Amino acid sequence: MKIISGIQPSGELHIGNYLGAIKNWIKLQNNSKNECMFFIADYHSITENYDPKRKPEEILNLAADLLALGIDPKKSVIFQQSKIPGHADLAWIFNTLVKIPELERMTQFKDKAVMQKENINMGLFDYPVLMAADILIYKADAVPVGEDQTQHLELARDIARRFNNNFGPTFPEPKSLLTETPRIMSLTDPTKKMSKSHGEKSYIALSDSPEIISDKIKSAVSDAGGGKDKRGGDNLLAIFESFAETKEEKNEYSNYKREHTNGKLKYSEFKPRLAELISDYFVDYRQRRSELSKNSEFVKKVLENGAETASAAAGKTMSEVRRKIGLEI
Ligand code: ADP
Ligand code: TRP
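Keep in mind the model is a prediction, meaning the values are calculated, not measured.

Engineer: Sorry, what's going on with the packing of helix α1 (residues 15–29) against helix α10 (residues 231–243) here?
Structural biologist: To describe two helices that pack against each other, one gives the angle between their axes and the distance between the axes. Contact geometry for α1 and α10: axes closest at 12 Å, N-to-C directions at 50°. It follows that α1 is oblique to α10 by the angle criterion. In the packing of α1 onto α10, the handedness of the crossing is left-handed. Note on element contacts: α10 touches α1 through Ile-239, Ser-242 and Phe-243, opposite Ile-15, Tyr-18, Leu-19 and Lys-23. A class-by-class count of the residues in the contact of α1 with α10 yields 5 nonpolar, 1 polar and 1 charged.

Following this line, the structure appears as C-alpha cells:
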C-alpha cells in the first residue's frame, strides 16, 4: 500500500498526535509491503498566526521528534512540504474542481475561524484542497490520521473522483486509517479533543518531564456529576490502555477498568500509576531526542534526501496532470 501523512510544525507534539497518528505511521512503515511518505506540513501551518523567526526551529524540531519516535529514513521518505512545488501547483488545479460551499462546511475551518477571527485567510479556507493535493500527488491509497481529519479525507476522495471523471482515470481514492484511539480528549475538558490550542494543562507533550506529566495527570478532570459523567475517567483509561504494552500492564488496565465501571476506581492510586506508565513509555524517545538536538545537520540531511525522492514522484504526476487537463502544448 502507498501511505502518506503529514503533520504541521506548530507547537509541540502531544500524546493525542502520537496515539491518533504517529504510532500508526511507525507500525505501517515497519510492514515492508508498504511504501510510506511522511511530511512536515509547513504550508498548512502558515494559515495560522505564527512567528516567522521561530518557524525554522519548529520544522527542525518536528523532524527530530519523528526520527526520535522511530520514523526511519531507511524505510520512509521524510520531507518538508514547501520544498515540493507540485503540492501547491496541484492544489491550484484542484481549486477549479471544488465549490465554495463544500469548503464552508468543513468543521475544522469553522472551528479555526472562531479561534482566529481577525485572520480568516484564504489559506485557512483552502487548507483541505492543499491537503488533497498532498495526498493525490503521490497517488496514495491510505492516509493514517486522527478522526478530526476524516472530513478532509472525504473531500480528497471527492476530488479524485471528479478529476478521474472529467479527465480520465488518474488518482486512486485514498482511505483514512484510524487507530483504536482516533480521538484522545483534553485533560481539562473531556468534551473537547486534546489539542495544542486549549492550553498547556489540557495536553501531555511528548517532551514533558515525568514531574510535569505527574502534575498534569493529577489535575486532569476525572468523573463528574457525582460519578454520573464518566467521560473524563473513560479518557484517562483509554490513555492507560494505549500505553499498556506488557501482559502485566494489560492486566492492570483490566482491573482499573472494572473498578471504574463499578464506580470504585481510586484515582489517588490510578493517576500516579498512569503518569508513570506514560513517562516510562517515552524514556527511549527522550534519550534519542536529546541526541538528535545536537545533530541538526543530520536532521536537515534527512529532509533534503526525502525531498529529492518526493520531488521525482510529484514531478511525474504533475506532467501527467498538466497533459490531461490540456495545458501541454
Ligand atoms: P492539534 O490539533 O494539536 O493542532 P494537529 O492538527 O497538528 O494537532 O494533528 C496532527 C495529527 O494528530 C493529525 O493526524 C490529527 O488527526 C492527530 N490528532 C490531533 N489531535 C488528536 C487527538 N486529540 N486525538 C487523536 N488524534 C489527534
Ligand atoms: N491537516 C493535517 C493535520 O492538521 C496535516 C496534513 C496536511 C495532512 N496535509 C496532509 C495529513 C495530508 C495527512 C495527509 O493534522
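Engineer: Before we go on, may I ask you to explain the site of ligand 2 in this structure?
Structural biologist: Near ligand 2 you find 13 residues, and of these Gln-8, His-44, Tyr-127, Asp-134 and Gln-149 are the closest. The side chain of Asp-134 places a nitrogen or oxygen atom 2.7 Å from a nitrogen atom of ligand 2. For ligand 2, whose accessible area on its own is 370 Å², the fraction buried by protein is 90%. Elements that contribute at least two residues to the shell around ligand 2 include exactly β1 (2–7) and α7 (122–136). Broken down by element, the shell around ligand 2 gets its largest block of residues, 4 residues, from α7. A per-class count over the shell around ligand 2 returns 7 nonpolar, 5 polar and 1 charged.

Engineer: So what exactly am I meant to see when it comes to the pattern of salt bridges here?
Structural biologist: Side chains that differ in charge, positive against negative, can pair when their charged atoms come close. What the rule picks out here adds up to 19 salt bridges. Put simply, Lys-301 and Glu-304 hold a salt bridge, and the shortest N to O gap is 3.6 Å. In this pair, Lys-301 and Glu-304 are both assigned in helix α14 (residues 296–324), 3 residues apart and thus about one turn of the helix distant. A residue is classified by how much of its surface remains accessible, and Glu-304, at 48% relative accessible area, is partly exposed. Among the charged side chains, a salt-bridge network with shared partners connects Lys-139, Glu-320 and Lys-324.

Engineer: Got a minute to help me understand the layout of surface pockets in this structure?
Structural biologist: A water-sized probe rolled over the atoms picks out the places where empty space is left. Here the second largest pocket defines a volume of roughly 420 Å³. What lines the second largest pocket is a set of 19 residues, among which Lys-23, Glu-180, Thr-181, Glu-241 and Ser-242 lie closest to the centre. Looking at the lining of the second largest pocket, the elements with two or more residues in it are α1, α10 and α11 (247–261). Residues of the lining of the second largest pocket, tallied by class, amount to 8 nonpolar, 4 polar and 7 charged.

Engineer: What exactly am I supposed to notice about the environment of Leu-67 here?
Structural biologist: Checked against the element boundaries, Leu-67 lands in helix α3 (residues 55–69). For Leu-67, a relative accessible area of 11% corresponds to the buried category. Each C-alpha atom, one on Leu-67 and one on Arg-288, is 8.4 Å from the other, the two residues being 221 residues apart in sequence. Not counting residues within four places of it along the chain, the set of residues in contact with Leu-67 comprises Pro-73, Ile-78, Leu-292, Phe-298, Val-299 and Val-302.

Calculation notes
- Here, residues in each chain are numbered from 1, in the same order as that chain's written sequence.
- For this description, chains carry letters from A and ligands carry numbers from 1, given in the order in which they are written.
- Where totals are concerned, whole chains, interfaces and linings use all residues; where local detail is concerned, this predicted model gives features only for residues with pLDDT of at least 70, and gives and counts side-chain atom pairs only at 80 or more.
- Side-chain metrics in this entry use all non-hydrogen atoms of the structure; hydrogen atoms and water are not considered.
- Lines fitted to C-alpha atoms define the axes here, with helix axes fitted over just the stretch in contact, and angles between the N-to-C directions of these axes take values from 0 to 180 degrees.
- For the purposes of this entry, the term helix denotes a DSSP run of H or I that reaches at least four residues, the term strand denotes a run of E that reaches at least two, and both are numbered from the N terminus.
- Here the word oblique covers every angle except those under 35 degrees (roughly parallel), over 145 (roughly antiparallel) and from 65 to 115 (roughly perpendicular).
- Handedness of a crossing is defined here by the sense of rotation of the near helix relative to the far one, left-handed for an anticlockwise turn of less than a right angle and right-handed for a clockwise turn.
- The contact rule is simple, with two residues in contact once any of their heavy atoms fall within 4.5 Å.
- Any residue that is not Ala, Val, Leu, Ile, Met, Phe, Trp, Tyr, Cys, Pro, Asp, Glu, Lys or Arg is counted as polar, Gly included; the first ten are nonpolar and the last four charged.
- Being near a molecule or strand, for a residue, comes down to having at least one heavy atom within 4 Å of it.
- Identification of polar contacts relies on pairs of N or O atoms within 3.5 Å, with a donor-acceptor requirement for protein atoms, meaning one able to donate a hydrogen and the other able to accept it, and with residues adjacent in sequence counted only if both atoms are side-chain atoms.
- Here the open area of atoms and residues is found with the Shrake-Rupley method and a 1.4 Å probe, where only the protein chains shown may cover a residue.
- One side-chain nitrogen of Lys or Arg within 4 Å of one carboxyl oxygen of Asp or Glu is enough to make a salt bridge.
- Exposure is judged per residue with a 1.4 Å probe applied to protein chains only, and the accessible area is read against the type maximum: over 50% gives exposed, under 20% gives buried, and values in between give partly exposed.
- Buried and open spaces are told apart on a 1 Å grid over the protein atoms alone, a cavity being a set of points where a 1.4 Å probe fits but cannot get out and a pocket being an open set with protein on both sides within 12 Å along at least five of seven lines. Residues with an atom within 4 Å of a point are the lining residues.
- Grid points are joined across faces, edges and corners, and a volume is the space filled by probe spheres set on the points.

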